[in-house]
Amino acid sequence: MNSYGLFMLLLAVYILMMVAIGWHFTKRQKSVIDFWLAGRRVNFIAIGCSAAASWMTAGGILAVVGLYMLLGMGSIWGFVAPNILALLVIALLVGKIKHLPAITQPELLEQRYSSSIRGPVALIITVVMILFAVADIKGFAMVLEIFFGLPPVYAAAIVALAVSAYVTLGGLSAVIWTDVIQFFFIATFALGMAVAVTGSATTTDIAPSITFSDLFSDVPAGWWNPFSVGIVAVLVAIFAIIPGWITEQDPWQRVWAAKDERSARNGMILGSFFIFLVFGVACTTIAIGLNHVYPEIPAAFSKIGMGAIAQAEPALLVYIFEHFSPFLIGLAGIGLAAAAMSSTDTFATSGGSCLSRDIYQRYMKPDATMKEMLAVNRVSVLIIIASATIGSFYIDGILDAIHIATFIASASYFFPLMGGLYWSRATKEGALAGLIVGFISQVTLTVIDLANTPALSPAYLNSIHPLLSNHGVILGMSLSGIAFFGVSLLSKPSKVVNLAPFFKEAAMELEKTIVVDEADPEYKKIRAIMTEEITGDRAYLHISLKASDTVNWNDLVKHITDKYHEWVTPTGVDSVYRLTKSDMLACITVTRGESDKEIWLSCEPRKENIEQSRKEMFIAFKEVSKISKEMGVMFTLP
């Protein structure tokens, strides 16, 4: 059997294994939390593997190796260092992020500001996720073309069909646990290639004989200097690329999916280490070895500059094709296929959650039942994958797609998001101004730069001034920041209901002492039907109420928010919160159940506060029951 036949056989087995994982988790999909956040039950090892695998794309590995070959350690600021540092910074932010009850960042921004900002941010994140997925498909297309001579459409079809199969079945649970397996494949592939390439480079079969120690010292002057690309490139990474990846939605969703703060924080740190291991150690070793095996590539760089990237990016694939047996080529193909899928599935779920939660449920059908939403979730994932598949035929560069997406994200919502978390004076007007100014300016700068840059020539904006490098992202972010802070200071402060989930001093105005007679027969009945589950440092309390007739959801929401000031809809009428504390996960939430005759009450308090939350669940039940009775609908208790 030739290498292509072996690859297809191994790929079929691999995909079946991924689909089996998705099928296993489909049985646990009872709510949008289960689908998009894996039920908030994920341990730190799985979080770490998934966070790392999400950025170890096939295209990313090839691009990183290619940049190392041409620029040495100075190239780390374009991709490697931002990945490592972004996860470490997110680990520091876990305490602020984890207690917020959001499923998506647009939902969080609505909680902080207003509904006016949720839709635009959801659309921007969706576009960014599609662009990230395009880079994965492009990288895998290069693999199939060099290994087997297949056109790009095959890569698009394989990734699209495989990822859509297991993601639509198991949601984020399937993504995270397939990422664990995919990380194993990726790490094994990268470390194996490092051993193989250095072995070839130190033998006389391919190049002049050289010792292992001489291989790492026989590099151009300045190769090991991380600042060799210049201080401007480093500043762009610090102030543009890293902020974009800190505020990227998919690692935040993994923080929300972790079973507790400790698991989330340790998972981010572990993911950062795994990225360093693959990109920082394995890819560096591969690049040094390939430069010795193919000395014509660094020589071409001295003549044509970054035009040599066309040879450097596929160098690892060429090496594998020329020196490996058909069986090993098939295995290498599987390792790179795992890299492509491990990222595409992440971006599909992240972008799909915005379409489902932030567009469909928020604006199109707020009263959708959980059963309807599970179907919409799966369709949303398919839309993201289909869009990325189409986009892969129109975008050429791997890192180009990643950087364009990152720069748009940085300029658009870095200040509204991070400013909203840490600056109580930020307002919805300021956030919207920062978002619009940043998005329009960055897209305009990118279009101008691309349209005026001839092939294989330095970037147009960079030729005007070094600070305008990377499509002028520093300018785009600066304009966004000026608009955000300036308009916020000129507008009225945010309401307490928007500040309470983020700032304890605002939440103190809402807190009340809860008194319930535990001997009350009705309280005992509620305790009997209340389900409780301990996960990490949180308890999950849930009550499912069946009504005597169809519940008019919009009327219920209107009446309960009018009668009781504690009940609010900070993220739209699909969820109603009894806002009585700053920890919104611990606040009682009322949502639609599986049918239009069912509603759910739930909360996620810390374990030490579970008794207080049981009593508040009872109070919430009485308030909801009173409103529904006035509407002519009764809830029956066992």
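Residues numbered from 1 in each chain as written. Predicted model: local features only at pLDDT ≥ 70, side-chain atom pairs only at ≥ 80, totals over all residues. Heavy atoms only, no water.

Novice: What is the right way to read the overall build of the protein chain from this model?
Specialist: When you go through the protein chain residue by residue, the secondary structure sums to 26 helices and 7 strands. Once the C-alpha set of the protein chain is aligned to its principal axes, its extents read approximately 85 × 60 × 40 Å. Burial statistics for the protein chain: of 638 residues in total, 61% are counted as buried. Of all intrachain contacts in the protein chain linking residues separated by at least 6 positions in sequence, the fraction that spans at least 24 positions is 81%. Both charge centroids of the protein chain, one from 44 positive and one from 49 negative side chains, sit 9 Å from each other. (Helix = DSSP H or I, 4+ residues; strand = E, 2+ residues; numbered from the N terminus. Buried < 20%, exposed > 50% of the residue type's maximum accessible area, 1.4 Å probe, protein only. Contact = heavy atoms within 4.5 Å. Lys, Arg positive; Asp, Glu negative; His and termini not counted. Charge placed at Lys NZ, Arg CZ, Asp CG, Glu CD.)

Novice: I keep staring at helix H10 (residues 231–246) and nothing clicks. Help me out?
Specialist: Structurally, the α-helix is built with 3.6 residues per turn, so residues lying three or four positions apart point the same way. Between its first and last C-alpha, H10 extends 21 Å over 16 residues, near the 22 Å set by a 1.5 Å rise per residue. Of all the bends found along H10, the most pronounced is centred on Ala 237 and spans about 35 degrees. Residues of H10 that are buried include every one of Val 234, Val 236, Ala 237, Ala 240, Ile 241, Ile 242, Pro 243, Gly 244, Trp 245 and Ile 246, and no others. (Expected span 1.5 Å × (residues − 1). Bend = angle between axes of the 7 residues up to and from the residue.)

Novice: Help me understand the packing of aromatic side chains in this model?
Specialist: Pairs of aromatic rings are described using the distance from one ring centre to the other and the angle between the two planes. What the rule picks out here adds up to 25 aromatic pairs. Note on Tyr 14 and Phe 185: the rings are 5.4 Å apart at their centroids and 85 degrees apart in plane angle, and the pair reads as edge-to-face. On the criterion of sequence distance, the pair formed by Tyr 14 in helix H1 (residues 3–26) and Phe 185 in helix H8 (residues 152–201) is long-range, its members being 171 residues apart. On the basis of relative accessible area, Tyr 14 is assigned to the buried category, the value being 2%. The exposure class assigned to Phe 185 is partly exposed, which follows from its relative accessible area of 26%. A centroid spacing of 5.3 Å and a plane angle of 75 degrees characterise the contact between Tyr 523 and Phe 618, whose relative ring orientation is edge-to-face. Taken together, the positions of Tyr 523 in helix H24 (residues 521–529) and Phe 618 in helix H26 (residues 610–630) put the pair 95 residues apart, joining distant regions of the chain. Per residue, the accessibility class of Tyr 523 equals that of Phe 618, and both read buried. Taken together through their ring pairs, the aromatic side chains of Trp 55, Phe 79, Phe 132, Trp 245, Phe 279 and Phe 347 make up a single cluster. Positioned above the aromatic ring of Phe 503 is the side chain of Lys 96, whose terminal nitrogen or guanidinium carbon lies 4.9 Å from the ring centre. (Phe/Tyr/Trp six-rings, centres within 6.5 Å; stacked < 30°, edge-to-face > 60°. Lys NZ or Arg CZ within 6 Å of the ring centre and 35° of its normal.)

Novice: For this particular structure, what's the right way to read the packing of helix H7 (residues 115–148) against helix H15 (residues 315–323)?
Specialist: For any two helices packed against each other, the geometry is given by the interaxial angle and the distance between the axes. Across the interface, H7 lies against H15 with an axial gap of 9 Å and an inter-helix angle of 30 degrees. Here H7 lies roughly parallel to H15, going by the angle between them. Every pair of crossing elements has a handedness; the one defined by H7 and H15 is right-handed. From H7, Met 142, Val 143, Ile 146 and Phe 147 reach across to H15, where they touch Leu 317, Val 318, Ile 320 and Phe 321. (Axes fitted to C-alpha atoms, helices over the stretch in contact; angles between N-to-C directions. Parallel < 35°, antiparallel > 145°, perpendicular 65-115°, else oblique. Left-handed = near helix turned anticlockwise from the far one by under 90°.)

Novice: Before we go on, may I ask you to explain the side chain of Asp 574 in this structure?
Specialist: Looking at the element boundaries, Asp 574 is found in the loop between strand E3 (567–568) and strand E4 (575–578). Residue classification places Asp 574 among the buried residues on the basis of a relative accessible area of 2%. Of note is the side chain of Asp 574, whose polar atom sits 3.1 Å from the side chain of Ser 575. Excluding its chain neighbours within four sequence positions, the residues that come into contact with Asp 574 are Arg 357, Gln 361, Arg 362, Pro 366, Trp 553, Val 590 and Thr 591. (Polar contact = N/O pair within 3.5 Å; in protein donor to acceptor, adjacent residues only side chain to side chain.)

Novice: Honestly, the nonpolar core in this entry has me stumped. Any pointers?
Specialist: One recurring pattern in soluble globular proteins: nonpolar side chains tend to sit buried together. Formed by 178 residues in total, the largest nonpolar core has its most connected members in Phe 140, Phe 279, Leu 290 and Ile 320. A total of 22 residues in this core trace back to one element, the largest contributor, which is H8. If near-sequence neighbours (up to four positions away) are discounted, Phe 140 is found in contact with Phe 7, Ala 58, Ala 155, Ile 158, Val 159, Gly 333, Leu 336, Ala 337 and Ala 340. One finds Met 530, Ala 539, Leu 541 and Ala 547 within the second-largest nonpolar core, a separate group that totals 34 residues. (Core = buried A, V, L, I, M, F, W, Y, C linked by side-chain atoms within 4.5 Å.)

Novice: It is not clear to me how helix H11 (residues 249–257) should be interpreted in this structure. Could you clarify?
Specialist: Taken across its 9 residues, H11 has 9 buried, putting it largely inside the fold. Along H11, the positions that sit buried rather than exposed are Gln 249, Asp 250, Pro 251, Trp 252, Gln 253, Arg 254, Val 255, Trp 256 and Ala 257.

Novice: Is there a simple way to think about the pairing of strand E2 (residues 538–547) in this case?
Specialist: Each regular strand carries side chains that alternate between the two faces of the sheet. When you tally the buried positions in E2, you get 7 out of 10 residues, the bulk of the element. The hairpin turn running from strand E1 (residues 531–535) into E2, its antiparallel successor, is 2 residues long, and Gly 536 in that turn takes a positive phi close to 65 degrees. Pairing between E2 and strand E6 (residues 598–603): 6 bridges, direction antiparallel. Bridging from a neighbouring strand, Leu 545 pairs with Ile 599 of E6. (Pairing = 2+ DSSP bridges.)

Novice: Looking at this structure, I do not really get the pattern of salt bridges. What am I missing?
Specialist: When the charged atoms of two side chains with opposite charge come close together, those side chains can pair. For the structure on display, the rule yields 19 salt bridges. Here Asp 574 and Arg 357 are joined by a salt bridge, their closest N and O atoms 3.6 Å apart. With Asp 574 in the loop between E3 and E4 and Arg 357 in helix H16 (residues 326–364), this residue pair connects regions lying 217 residues apart in the sequence. Just as Asp 574 is buried, Arg 357 falls in that class too. One connected set of salt bridges, linked through shared partners, spans Glu 110, Arg 118, Asp 358 and Arg 362. (Salt bridge = Lys/Arg side-chain N within 4 Å of Asp/Glu carboxyl O.)

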